[in-house]
Amino acid sequence: MFEFLKYEVSEGIATITLNRPEVYNAFNDGMSYELQAALKQANKDIEVRVVVITGEGKAFCSGQDLKASSKQEKRSFIESLHKRYNPIIRAMRNMPKPIVARLNGVAAGAGCSLALACDIIVAAEESMLVEVFVNIGLVLDSGSSYFLPRLIGSAKAFEMSTMGSRVKGKEAFEMGLVNKVVPLEELDEAVKSYTDYYSAAPTKAIGLMKKMLNKSGNSSLDDMLDYEAYCQEIAGSSEDYKEGVNAFLEKRKAEFKGQ
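Residues numbered from 1 in each chain as written. Predicted model: local features only at pLDDT ≥ 70, side-chain atom pairs only at ≥ 80, totals over all residues. Heavy atoms only, no water.

1. Considerations on helix α3 (residues 77–94)
Here is the rule: Numbering of helices and strands starts at the N terminus; helices are DSSP runs of H or I of at least 4 residues and strands are runs of E of at least 2. By this rule, a helix spans an expected 1.5 Å times one less than how many residues it contains. Think of it in three bands: residues with accessible area under 20% of the maximum for their type are buried, residues over 50% are exposed, and the middle band is partly exposed, with areas taken using a 1.4 Å probe on protein chains only.
The end-to-end C-alpha distance of α3, which contains 18 residues, comes to 24 Å, matching closely the 26 Å that a straight helix rising 1.5 Å per residue would cover. Looking only at α3, the buried set comprises Ser 80, Arg 84, Tyr 85, Asn 86, Ile 88, Ile 89, Met 92 and Arg 93.

2. A closer look at empty space enclosed by the protein
How we decide: Cavities and pockets were defined on a 1 Å grid built over protein atoms only: a cavity is a set of grid points that admits a 1.4 Å probe from which the probe cannot escape, a pocket is an open set flanked by protein on both sides within 12 Å along at least five of seven lines, and lining residues are those with an atom within 4 Å of any such point. Grid points are joined across faces, edges and corners, and a volume is the space filled by probe spheres set on the points. Following the grouping adopted for this structure description, the nonpolar residues are Ala, Val, Leu, Ile, Met, Phe, Trp, Tyr, Cys and Pro, the charged ones are Asp, Glu, Lys and Arg, and the polar ones are all others, Gly among them.
Tallied over the entire structure, the rule returns 1 cavity of 30 Å³ or more. Estimated volume of the largest cavity: approximately 30 Å³. Among the secondary structure elements, those contributing two or more residues to the lining of the largest cavity are α3 and α4 (110–116). For the lining of the largest cavity, the per-class residue count stands at 5 nonpolar, 2 polar and no charged.

3. Let's talk about the pattern of salt bridges
The cut-off we apply is this: Whenever a carboxyl oxygen of Asp or Glu lies within 4 Å of a side-chain nitrogen of Lys or Arg, that contact is scored as a salt bridge.
A complete count under the given rule lists 12 salt bridges for this structure. Between Lys 83 and Glu 79 there is a salt bridge; the shortest N-O distance is 3.1 Å. A residue pair is termed a helical-turn pair when its members lie 3 or 4 positions apart in one helix, as Lys 83 and Glu 79 do in helix α3 at 4 residues. Using a relative accessible area of 46% as the deciding quantity, one classes Lys 83 as partly exposed.

4. Some thoughts on the packing of helix α9 (residues 203–216) against helix α10 (residues 221–235)
Basically, it comes down to this: Axes, fitted as lines to C-alpha atoms, cover a helix only where it is in contact. Angles between the N-to-C directions of the axes lie from 0 to 180 degrees. An angle counts as roughly parallel when it lies under 35 degrees, as roughly antiparallel when it exceeds 145, as roughly perpendicular when it falls between 65 and 115, and as oblique in every other case. When checking whether two residues touch, look at their non-hydrogen atoms; a contact exists if any pair is within 4.5 Å.
Interhelical geometry of α9 versus α10 gives an angle of 170° and a closest axis separation of 10 Å. Considered as vectors, α9 and α10 are oriented roughly antiparallel to each other. The residues of α10 that touch α9, namely those facing Leu 208, Lys 211, Met 212, Lys 215 and Ser 216, are Met 224, Tyr 227, Glu 228, Cys 231, Ile 234 and Ala 235. A per-class count over the contact of α9 with α10 returns 7 nonpolar, 1 polar and 3 charged.

5. Things to note about the packing of helix α5 (residues 144–152) against helix α6 (residues 154–163)
Definition in use: By the definition used in this description, the sense in which the near helix is turned from the far one sets the handedness, with an anticlockwise turn below a right angle giving left-handed and a clockwise turn giving right-handed.
Closest axis-to-axis distance for the α5/α6 pair is 7 Å, and the angle between their directions is 130°. In this view, α5 runs oblique relative to α6, as classed from their interaxial angle. In this structure, α5 crosses over α6, and the sense of that crossing is right-handed. From α5, Leu 148, Pro 149 and Ile 152 reach across to α6, where they touch Ser 154, Lys 156, Ala 157, Met 160 and Ser 161. Classifying every residue of the contact of α5 with α6 gives 5 nonpolar, 2 polar and 1 charged.

Right, here's the structure in full:
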């Protein structure tokens, strides 16, 4: 059903693969709209408990396809961001399910933003994150100005964005940009360790915690104390909570259904 990406669901895991390897999975208009649709589909599917985003071939995503966009006589950057990229980032951050980036290669520009918008990043040692915007006289977009300073601090974020620094897998891990780094041949197994966990975890509670952590960056302690109480009331009414308590009392492993 998609032309520029692959979408597969298996055992509670939705895998979205950007599929333009001939241009290192650069975004054209079609792929950006298809990614919006794929994220919406994963969000609505009650069978999906965790989402994986990755790229086909050697790259994760090299950002905007400049060759394709240069063919348009007059391109509005603000319109492109509001219609194509920003809805992707909002959909990812608002999705009440964990999203894992399988960082198999270069993630540049909007592709870097896409990776940083994920909840977990598992990177190959051969992968690379680069905020390439400055190299063509542009500024950060697609959420990078939000995610970068929160992950690595303002000084490092300034350096990385204004110098277009190339940050490879191991350095990205040391900086706190990614959660785990492994050799490329071990990437699938490393991703699987996360998806195996999240596909069997209490999805509703995890979705609520994702909302809480999103909210905490711009909230006071009092705000978060109230919001924690609100979310805990919801979690405490879930079937997963009942199962968790019963499993504890019966001294067995809980079998969460994500409800």
